[in-house]
Structure formats: C-alpha cells, structure tokens
There are 2 protein chains.
Amino acid sequence: MMTSTLGYALLNLIACEPQTGYDLSRTLQERISFFWQAKHSQIYPELAKLESAGFITHEVVRQNDKPDKKIYTLTDAGLAALRAWVVAPLEMSPARDELLVKTAAIWQADPAQAAALFRDHERQHAEQLALYEGIRATLEEEWERSGRRRDLPWFGSYLTLMRGISYEREYRDWCRWAAEMVETRD
Amino acid sequence: MMTSTLGYALLNLIACEPQTGYDLSRTLQERISFFWQAKHSQIYPELAKLESAGFITHEVVRQNDKPDKKIYTLTDAGLAALRAWVVAPLEMSPARDELLVKTAAIWQADPAQAAALFRDHERQHAEQLALYEGIRATLEEEWERSGRRRDLPWFGSYLTLMRGISYEREYRDWCRWAAEMVETRD
DNA sequence: TATACATACGTCAAGCGTGACATATAGTTG
DNA sequence: CAACTATATGTCACGCTTGACGTATGTATA
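All figures in this text were calculated on a predicted structure; none of them were measured in a lab. (Residues numbered from 1 in each chain as written. Chains lettered and ligands numbered in written order. Predicted model: local features only at pLDDT ≥ 70, side-chain atom pairs only at ≥ 80, totals over all residues.)

Draft legend 1. Spotlight on the overall build of chain A. Helix and strand counts for chain A come out as seven helices and two strands. Along chain A, helices (α) and strands (β) appear in the sequence α-α-α-β-β-α-α-α-α when read from the amino end. Taken against the 2.2 N^0.38 rule, which gives 16 Å for 186 residues, the C-alpha radius of gyration of chain A at 21 Å runs more than 25% over that of a compact globule. Across the 186 residues of chain A, 34% fall into the buried class. Considering only residue pairs separated by 6 or more positions, chain A has 61% of its internal contacts joining residues 24 or more positions apart. (Helix = DSSP H or I, 4+ residues; strand = E, 2+ residues; numbered from the N terminus. Rg over C-alpha atoms; globule rule 2.2 N^0.38 Å. Buried ≥ 20, exposed ≤ 12 C-beta atoms within 10 Å, placed from the backbone. Contact = placed C-beta atoms within 7 Å.)

And the structure:
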C-alpha cells in the first residue's frame, strides 16, 4: 500500500504526460534524469503496484509497425496522492558517493594515481555540466513561451535542472581543487 | 569474495585506527560521516566477511566495567586490497535525492507550501554546514601540527570535509533560490 | 528496588535496486 | 537468409540497506 519514491517519480512523469513503461524507463535511465534513476525491471512491477493501488490506469494501444503498448494515465486518486506527497515534510537525505569514500582513504594512495582519479572525475562532471547547460537554453525558451507559469511541468524541470547545474559545477571545482592538493609539493 | 564499498570504508577506518564494530557503527551513523552511512546491523556481518576474506583479524579485550569487545586490525592483505581499490578508476555515481524528486513535481504544489519545504531544507543544510565549519578549525590545526603530510588519515578527512562544506553551501544556496522562485509573484 | 541508559554483539525479515534472462514484433543491414 | 537493432513487456536471483528484535554487562537515576 505504501508508495515508494520511485512510485511518486513515476506518478509525476505520468502527470506530465500519459506514457508507457518503456517511455518511463528511457527517461529514468538517461543521464538527463537528474536525481533518481531506475531500470525497466523495477519500473514495470512498480507500475503494477500503482495500478493495483488505484493511482493509475492503462489502455492498450495496437501499433502496426511495433509491438502493442500500454499507455498509463493518472486517476483522480493518483493525482491527489501525488499532490499530498509533494509538500509533505522530508528529512535531508544523506548523500552516498563512492568517490568520497575513496577520498577518505586517499592518504593510502600514490599521489600521481590519486591526482589522475580526481582529474578523471573533474572531466566527467565537466561533461555532465556541459550537457545540462545545453538543455538549459531550450528549457528557458519554453519557460518564456509558457508565460513563466509555475503550475506547469517545465517549472519543476527547470528548478531540478538548475540544481543539476549547480551540483555539477560545485563537484567539478572540488575535484580540481582535490587534484591540486594531491599534486602540489610543499 | 567481492568486497563492497562499505567493506572498503571499514578497512579505511580500521587502517586509521584499530577499533571495534561498535566504534565503527557510531562513526558511520553520525552526521559527521559525510558520504556513506551504515547501521550496526550491516557492519557486524560485513566485519565477519572481511575477516573470512583475510583482510582483518580481531582480538578479544576484556573490560571490567563494560562487556567484552573485539578490536579489529588490518592484515597485510587487507592493506593491499585497500590500496588497490583506492586508486581504481570509478564511474560517477549518480546522485539520488528525494527532495529533487519532489522538486520535479513541484508544479503540482501550493506555492506557500512549496516555499515552506524549500525554506525548511535551506535551514537543514545551513545547520549541517555550520557543523562542518566547526570541525574545520580543529582539523586544520591538526594538519599544521602533522606537517601537512598527505600520507596520514587527516588528509583524507580534510579533503572529504571540504567537499562536505562545499556541497552543503551549494545545496543551501539552491534551496534559498528555489524558495524565492516559488514565492515571487510576477 | 526498579527503570533506564550506554556499551557491545548479533540475527532476521522485508524492501529497494541491479544485472541477467526471457519473449515477441518489425525493420535494417550484411 | 541471418544477424542485429529498436520497440515493448515482463520475471528472477542476488546483494545492499533498514528497522525490528534479541542477548548480555554494568552504571546511574528515580
């Protein structure tokens, strides 16, 4: 009966636009999916749960050139559940990051190898940042066109994207600093 | 046979100082434990795994005023495993954060309630930041006293702490901005 | 004396998440 | 014709993580 975070993530995506499990799985596997990810093997069972909870319904659509598909839509109960969850108070979720576990143990490493590790992640986060910056222009255009309304899906996407940009920039800068720290000789 | 991230985190803590499962569980539950957490129910079995893999050994110490305890120490194999893992290349670990899932759905929320949510998290992250800033002074003193050496545990702690500070500052600022975005009327 | 707390160690069930496996349709490429 | 790719939906085993439960010692508090 209890709906998971993934469940609510799916409800929101379906609220944005009715779609199939396949569509959802592509969205939640792309690097564009900023702060939650899932494989199709988790999504299909979750959709079944949401449906049996009465939060979504589906309609089978036959296609000529491709296999049949199930398009899911929110029910009134699903929309109500989403709206209640979205503003419910929440504790800070503690961050988990393997690179930072390695960093804690970096005093055991050869300096050159340690620097290479941080440089590699500096590059990875710079690439992710560039990707996000690319989306930003498109999203801001759409924002203007929709009259800057805050009750449309783009608004949530925009706030989330800006956090992604801010997060990646901060991470990249720290990696650069960390690389310098291990490289520098006194 | 495969050692998990938690396993390596434990190896590093034991490399810093031989200690008991109870000690480790307190470290990994405190908010000071920046980027990985674990309960004792996960730590005790993991220590058993590490021991059967030959990475650690323990010595039972009897205490008069408290129950007996097992003090774990790294073996040569454990140290070698830790050193190999620490510099092994690693993919960016995708971030997971429930607040950002809510943010994606924030277009469904009442603006005042949404603002309260962001203000609340702005406060939570500001508090965490203040906590980290407090530790910073102590750690930097110890750094000076140890001659700024990069082959001692404090170095890993220092790099990790600085990332914690940077992360919390960035998060706090974004929360403030998000609150302003939902509060502002055009 | 009873209760609570800190220390210290452990197990177990249930949920979450990943990777592998499985099936089927239809188009593209060698 | 065979192999591969994209679409589309699902299951299953395994490992990670949490919360609850369980045991025991010794001290402090009511």
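Draft legend 2. Fine view of the interface of chain B and chain A. Contacts between the two partners involve 61 residues from chain B and, on the opposite side, 61 residues from chain A. Sorting the residues of the side of chain B that touches chain A by element identifies α1 (5–16), α4 (76–86), α5 (98–104), α6 (111–145) and α7 (153–183) of chain B as the ones contributing at least two each. Counting residues per element, the side of chain B that touches chain A draws most heavily on α7(B), at 14 residues. For the side of chain B that touches chain A, the per-class residue count stands at 34 nonpolar, 14 polar and 13 charged. (Nonpolar A, V, L, I, M, F, W, Y, C, P; charged D, E, K, R; others polar.)

Draft legend 3. Representation of the protein's contact with DNA strand C. In the vicinity of DNA strand C, 22 residues are found, and the nearest of them are Ser4(A), Ser41(A), Tyr22(B), Ser41(B) and Lys69(B). When residues of the surface near DNA strand C are traced back to their parent elements, those giving at least two are α3 (40–52) of chain A together with α2 (21–27), α3 (40–52) and β2 (69–74) of chain B. By residue number, the principal contributor to the surface near DNA strand C is α3(B), which donates four residues. Of the residues in the surface near DNA strand C, the class split is seven nonpolar, nine polar and six charged. (Near = placed C-beta within 6 Å.)

Draft legend 4. Geometry of the protein's contact with DNA strand D. Of all residues adjacent to DNA strand D, which total 22 residues, the nearest are Tyr22(A), Ser41(A), Lys69(A), Ser4(B) and Ser41(B). Mapped onto the surface near DNA strand D, the elements with two or more residues apiece are α2 (21–27), α3 and β2 (69–74) of chain A together with α3 of chain B. For the surface near DNA strand D, the residue count by class is seven nonpolar, nine polar and six charged.

Draft legend 5. Summary view of the nonpolar core. Counting 45 residues, the largest nonpolar core has Leu10(A), Leu11(A), Ile14(A), Leu82(A) and Ile106(B) as the members making the most contacts within it. For this core, the secondary structure elements donating two or more residues are α1 (5–16), α3, β2, α4 (76–86) and α7 (153–183) of chain A together with α5, α6 and α7 of chain B. The dominant element in this core, judged by the number of residues it contributes, is α1(A), at seven residues. Other than its neighbours up to four places away in sequence, Ile106(B) contacts Val86(A), Phe155(A), Gly156(A), Leu159(A), Ala114(B) and Val182(B). Counting 44 residues, the second largest nonpolar core, distinct from the first, contains Leu117(A), Val182(A), Tyr132(B) and Phe155(B). (Core = buried A, V, L, I, M, F, W, Y, C linked by C-beta atoms within 7 Å.)

Draft legend 6. Expanded view of the relation of the copies chain B and chain A. Superposition of chain B onto chain A requires a rotation of 180° combined with a translation of 0.0 Å along the rotation axis, giving an RMSD of 0.0 Å. Taken together, the turn and the small shift mark the pair as related by a two-fold rotation axis. Of the C-alpha atoms belonging to chain B, the one lying closest to the rotation axis is found on Glu170(B), 3.5 Å away. (Least-squares fit on C-alpha atoms with pLDDT ≥ 70 in both.)

Draft legend 7. Structural view of the environment of Val182(B). As for its position among the elements, Val182(B) is in helix α7. Distance from Val182(B) to Ala115(B), taken between C-alpha atoms, is 6.0 Å for residues 67 residues apart in sequence. With residues near it in sequence (within four places) discarded, Val182(B) still touches Arg150(A), Ile106(B), Pro111(B), Ala114(B), Ala115(B) and Phe118(B).

Draft legend 8. Broad picture of α4(A). Within α4(A), burial applies to Gly78(A), Ala81(A), Leu82(A), Trp85(A) and Val86(A). Each buried residue of α4(A) lies within a common arc of 125° when the element is viewed along its axis, so the set occupies one face. When the buried face of α4(A) is taken as reference, the exposed residues oriented beyond 90 degrees from it are Asp76(A), Ala77(A), Ala80(A) and Ala84(A). Residues of α4(A) that are buried sit in contact with α1, β1 (56–61) and β2 of chain A together with α5 of chain B. (Arc of directions from axis to C-beta.)

Draft legend 9. Region of interest: the packing of α1(B) against α3(B). Residues and elements named next belong to chain B. For the pair α1 and α3, the least separation of the axes is 10 Å and the interaxial angle reads 80°. Judged on the interaxial angle alone, α3 and α1 are roughly perpendicular. On the side of α1, the interface is formed by Leu6, Gly7, Leu10 and Leu11, while α3 contributes Gln42, Ile43, Glu46, Leu47, Lys49 and Leu50. For the contact of α1 with α3, the residue count by class is six nonpolar, two polar and two charged. (Axes fitted to C-alpha atoms, helices over the stretch in contact; angles between N-to-C directions. Parallel < 35°, antiparallel > 145°, perpendicular 65-115°, else oblique.)

Draft legend 10. Region of the structure containing the environment of Ser146(B). Tracing the sequence through the fold places Ser146(B) in the loop between α6 and α7. The contact partners of Ser146(B), leaving out residues within four places of it in the chain, are Leu152(B) and Trp154(B).

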